[in-house]
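Breakdown of the fold
Listed below, chain by chain, are the residues.
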Amino acid sequence: MLSSLGFYLGALVLWVMTLPFDRNGRILHLYSCFWAQLYIYANPLWSCRVEGREHLPWRGAAVLVANHESLGDILVLFGLYRPFKWVSKAANFRLPFIGWNMTLNRYVPLVRGDRESVGRMMVECEKWLLRGVPILMFPEGTRSPDGHIKAFKEGAFHLAVKLQCPVIPVVLTGTARTLPKHGLKLQTRARCHVRVLPPVKPADHGNSVPELLEHVRTLMIEEKARMDAAQLGTPR
């Protein structure tokens, strides 16, 4: 909490300084990436490896979709060090310092199960995409309790088809050991691994939301199985 206070004050200063010329908040977001990653850098028992950053745009619309294992995913995915707007549950925005920084960054809040909130979230995401700012969503909607990728919701894929922008799958593993669903205890050791897959164009799948969704989900399940096997040291 003490470190978050200091970083939040830094974020406030940076927000004021960059607002006149950085209307999309890219600089503040990259500062937030460093803030989040610092907790991994400082922990000798945690490590994070990111591969495939070259598939992520610095500018231009894209829908990033990632699997969701734990709250630790947030720290790890900030390690992408690329501009994007998070879609996150509204309660997170009320957290002292960290949540307030999310508001400064103009990330997109969502109340799960609330149709009006979902509608507002889709409109807000569309606005950012039209401005050439990628968004990042967890299409499972919530954390997986066992690390296996669950069914996807269609929202991210509707946006990609409507705006004709690529879907970029982001697969992560190892984060379930940081703070799993229904868990309140941080695990002492964690080897986190993130792999960004090549962009998937909606037009290559007939601009069909179900086909695009199923293709991306299959890619992510297969890639996660390979990554999990590699962590366990078993052939796949």
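Cut-off values and rules
- Residue indices follow the written sequence of each chain, beginning from 1 at its first position.
- Since the coordinates come from a predicted model, pLDDT governs what is reported: local features require at least 70, and pairs of side-chain atoms require 80 or more to be given and counted, while whole-chain, interface and lining totals use all residues.
- Processing note: side-chain calculations cover all non-hydrogen atoms of the structure and skip hydrogens and water entirely.
- UniProt positions are given in the numbering used here, feature names are shortened, and annotations may be inferred rather than shown by experiment.
- Each helix is a run of DSSP H or I of at least 4 residues and each strand a run of E of at least 2, with the numbering of both proceeding from the N terminus.
- Patch membership requires more than 30% relative accessible area and the absence of a salt bridge. Residues of like charge join within 9 Å; the nonpolar side chains Val, Leu, Ile, Met, Phe, Trp and Tyr join within 5 Å.
- Surface accessibility follows the Shrake-Rupley procedure with a 1.4 Å probe radius. Residue values consider only the protein chains on display as shielding.
- The rule for a salt bridge is simple: a side-chain nitrogen of Lys or Arg has to be within 4 Å of a carboxyl oxygen of Asp or Glu.
- The rule is short: rings of Phe, Tyr and Trp, with Trp giving its six-membered ring, pair when the centres are within 6.5 Å, and they are stacked under 30 degrees, edge-to-face over 60, tilted in between.
- Classification of residues uses two cut-offs on accessible area relative to the type maximum, computed with a 1.4 Å probe and protein chains only: under 20% is buried, over 50% is exposed, and between them is partly exposed.
- A strand pair is defined by DSSP finding two or more bridges across the two strands.
- Only the contacting stretch of a helix is used when fitting its axis, a line to C-alpha atoms as for every element, and angles between N-to-C directions run 0 to 180 degrees.
- We define the nonpolar core as a collection of buried residues of types Ala, Val, Leu, Ile, Met, Phe, Trp, Tyr and Cys that are connected through side-chain atoms lying within 4.5 Å of one another.
- In this analysis, two residues are considered to be in contact whenever any of their non-hydrogen atoms come within 4.5 Å of each other.

In the nomenclature of an unreviewed UniProt entry, the protein chain corresponds to 1-acyl-sn-glycerol-3-phosphate acyltransferase from the organism Stigmatella aurantiaca. Listed under Pathway (unreviewed entry) in UniProt, the entry text for the protein chain is "Lipid metabolism."

What follows concerns the environment of Gly-52. Mapped onto the elements, Gly-52 comes out in the loop between β1 (46-51) and β2 (63-66). The spatial distance from the C-alpha of Gly-52 to the C-alpha of Leu-130 is 24 Å, given a sequence separation of 78 residues.

Let us now look at a nonpolar patch on the surface. Taken together, Leu-5, Leu-9, Leu-12, Trp-15 and Val-16 make up a surface patch of nonpolar side chains, about 400 Å² in accessible area. Looking at the element boundaries, Val-16 is found in helix α1 (residues 2-18).

This next bit is on the packing of aromatic side chains. Inspection of every chain in the model, using the stated rule, returns 11 aromatic pairs. Between Tyr-8 and Phe-97 the ring centres are 6.2 Å apart and the planes differ by 40°, which places this aromatic pair in the tilted class. Residue Tyr-8 is found in helix α1, and its partner Phe-97 is found in the loop between β3 (85-89) and α4 (98-104); the two are separated by 89 residues along the sequence. The exposure class assigned to Phe-97 is buried, which follows from its relative accessible area of 15%. Measuring from ring centre to ring centre gives 5.2 Å for Phe-78 and Trp-86, while their planes differ by 65°; the resulting arrangement is edge-to-face. For Trp-86, a relative accessible area of 4% gives the class buried. Among the aromatic residues, those joined into a cluster by ring pairs are Phe-7, Tyr-31, Phe-34 and Trp-35.

This part takes up helix α6 (residues 155-163). Because each turn of an α-helix spans 3.6 residues, side chains separated by three or four positions in sequence point in the same direction. Residues of α6 that are buried: Ala-156, Phe-157, Leu-159, Ala-160, Val-161 and Leu-163. Positive phi shows up at Gln-164, right after α6, with a value of about 50°.

Pairing is mixed across the open sheet formed by 7 strands, whose spatial order is β1-β7-β6-β2-β5-β3-β4. Single-partner strands in this sheet number two, and they are β1 and β4 (108-110). The mean inter-strand angle of the sheet, taken between neighbouring strand axes irrespective of direction, is 20°.

In terms of nonpolar packing, the biggest core is built from 31 residues, with Val-63, Val-65, Ile-135, Phe-157, Leu-212 and Val-216 touching the most fellow members. Mapped onto this core, the elements with two or more residues apiece are β2, β4, α5 (115-130), β5 (135-137), α6, β6 (167-173) and α7 (209-232). In this view, Leu-212 contacts Phe-157, Ala-160, Val-161, Val-167, Val-200, Lys-201, Pro-202 and His-205; residues no more than four positions away in its chain are not counted. Within the second largest apolar cluster, 27 residues are counted, among which are Val-50, Ala-62, Phe-138 and Ala-190.

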